[in-house]
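If you want the building blocks of each chain, they are given just below.
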Amino acid sequence: MAKRKILTDNDPTLRTVCRPIPRITPRVITLLDDMIETMRDANGVGLAAPQVGVLLRAVVIETEPGQVWELINPEIIETSGEQEGSEGCLSLPGRSGHVKRPNYVKVKALNRNGEEYVLEGTELLARAICHETDHLDGRLYIDVAEYMYAPEEEEEERLSPRLRKYARKRDR
Ligand code: NI
């Protein structure tokens, strides 16, 4: 496994629609392994392939430490409810915003063995699924945020359990 560089800010790769993965090759497995290492190194709870410069539809999520979800060609098939809260992104360092997301999300994807599975998530996992799959369509949370936090509010939000859970920037 190797850590990869996370693209940030105005890199056009972050705004590109990614291609489906037609076949799971050793290269794809290496990509997934590297994405997990990169996400953990950055104390993130999710990472999408375009964030490491690969324009393929793959996402990794780890909202519960030790439980990694790998989503290849993910497709959200059901959502319900609503949640509001703060959100950040490893590709937009030092910023956070207030984002409404569905409180329940059902997503269909392939795992690294090429098997289709369905993942259901609520709360933080639902938020992460939405945030990461958005990346595959070149969409960032700042596009859908109700508003961005001012730096001093960010400081407060960093102390709140909610943001710590999503961004987990400081204390893991
Ligand atoms: Ni992100």
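Given the structure is predicted, the values throughout are model-derived calculations rather than measurements.

A. A look at the overall build of the protein chain. Per the secondary structure count, the protein chain includes 5 helices and 8 strands. Counting helices and strands in the order they occur from the N terminus, the protein chain gives α-β-β-β-β-β-β-β-α-α-β-α-α. Across the 172 residues that make up the protein chain, the buried fraction comes to 49%. Pairs at least 24 apart in sequence give 68% of the contacts found in the protein chain among residues at least 6 apart. When the accessible surface of the protein chain is split by element, carbon and sulfur atoms take 47% of a total near 8,400 Å².

B. Structural context of the coordination of the nickel ion. The protein atoms donating to the nickel ion are Cys89 (SG), His131 (NE2) and His135 (NE2), with metal-donor distances spanning 2.1 to 2.3 Å. Going along the chain, you hit the donors of the nickel ion in the pattern C-x41-H-x3-H. Taken together, the residues cysteine 89 in the loop between strand S4 (83–87) and strand S5 (97–101) and histidine 131 in helix H2 (residues 123–136) connect sequence positions 42 residues apart. Exposure remark for cysteine 89: the relative accessible area of 7% places this residue in the buried category.

C. Structural context of the sheet that holds strand S7 (residues 116–122). With antiparallel pairing, 5 strands are arranged side by side in an open sheet as S1-S2-S3-S6-S7. Across the chains shown, the open sheet's two edge strands, defined by having one partner strand only, are strand S1 (46–48) and S7. Each strand axis lies, on average, 40° off the axis of its neighbour in the sheet, ignoring direction. In terms of strand pairing, strand S3 (residues 67–80) meets strand S6 (residues 104–110) through 6 bridges, oriented antiparallel. In the sheet register, glutamate 75 faces S6, and the bridge partner there is lysine 108. Its contacts with the sheet place helix H1 (residues 26–41) against S1, strand S2 (58–64) and S3, and it is angled at close to 40° to S2. Strand contacts of H2: S1, S2, S3, S6 and S7, with the helix running at about 160° to S2, the strand carrying the most contacts.

D. Representation of the packing of aromatic side chains. Scanning all chains against the criterion turns up 2 aromatic pairs. On the numbers, 6.3 Å between centres and 20° between planes, the contact of tryptophan 69 with tyrosine 117 is stacked. Of the two residues, tryptophan 69 sits in strand S3 while tyrosine 117 sits in strand S7, which places them 48 residues apart along the sequence. What makes tryptophan 69 partly exposed here is its relative accessible area of 24%. Relative accessible area serves as the criterion here: at 17%, tyrosine 117 is assigned to the buried category. Arranged with centres 5.8 Å apart and planes meeting at 90°, the rings of tyrosine 147 and tyrosine 149 form a pair that is edge-to-face. The exposure class assigned to tyrosine 147 is partly exposed, which follows from its relative accessible area of 41%. The exposure class assigned to tyrosine 149 is buried, which follows from its relative accessible area of 7%.

E. Here's a closer look at the side chain of aspartate 34. Residue placement: aspartate 34 occurs in helix H1. Judged by relative accessible area, aspartate 34 falls into the buried class, the value being 5%. In this structure, aspartate 34 is in contact with Met1, Ala2 and Arg4, ignoring residues within four places of it in sequence.

F. Summary view of the side chain of histidine 98. Its location among the elements puts histidine 98 in strand S5. Side-chain polar atoms of histidine 98 contact the side chain of glutamate 84, separated by 2.8 Å. A polar contact of 3.0 Å, which involves the side chain of histidine 98, links it to the side chain of tyrosine 149. Beyond its immediate stretch of four places on either side in the chain, histidine 98 contacts Glu84, Gly85, Ala145, Glu146, Tyr147 and Tyr149.

Parameters and conventions
- The numbers attached to residues start from 1 for each chain and follow its sequence in the written order.
- Local features are withheld for residues below a pLDDT of 70 in this predicted model, meaning they are given only at 70 or higher, and side-chain atom pairs are given and counted only at 80 or more; totals for whole chains, interfaces and linings count all residues.
- The side-chain numbers reported here are obtained from all heavy atoms of the structure, hydrogens and water having been left aside.
- We count a stretch as a helix when DSSP gives it H or I for four or more residues in a row; a strand needs E for two or more, and each element gets its number in order from the N terminus.
- Categorising residues by exposure relies on relative accessible area from a 1.4 Å probe, with only protein chains included: less than 20% of the type maximum marks a residue as buried, more than 50% marks it as exposed, and the intermediate range marks it as partly exposed.
- Contacts are residue-level and defined by heavy atoms, with any inter-residue pair within 4.5 Å sufficient.
- Note on areas: Shrake-Rupley, 1.4 Å probe, and residue coverage restricted to the protein chains presented here.
- The rule for donors is simple: N, O or S, within 2.8 Å of the metal, or within 3.2 Å if the metal is Na, K or Ca. Water isn't counted, so a site may look like it is missing partners.
- Pairing between two strands is assigned when DSSP locates at least 2 bridges connecting them.
- Interaxial angles span 0 to 180 degrees and are taken between N-to-C directions of axes, which are lines fitted to C-alpha atoms, for helices over the stretch in contact.
- Within 6.5 Å between ring centres, the rings of Phe, Tyr and Trp (the latter by its six-membered ring) count as paired, and their orientation is classed by plane angle as stacked under 30 degrees, edge-to-face over 60, tilted in between.
- N or O atoms within 3.5 Å of each other form a polar contact, as long as, within protein, one can give a hydrogen and the other can take it, and as long as residues adjacent in sequence are counted only when both atoms are side-chain atoms.

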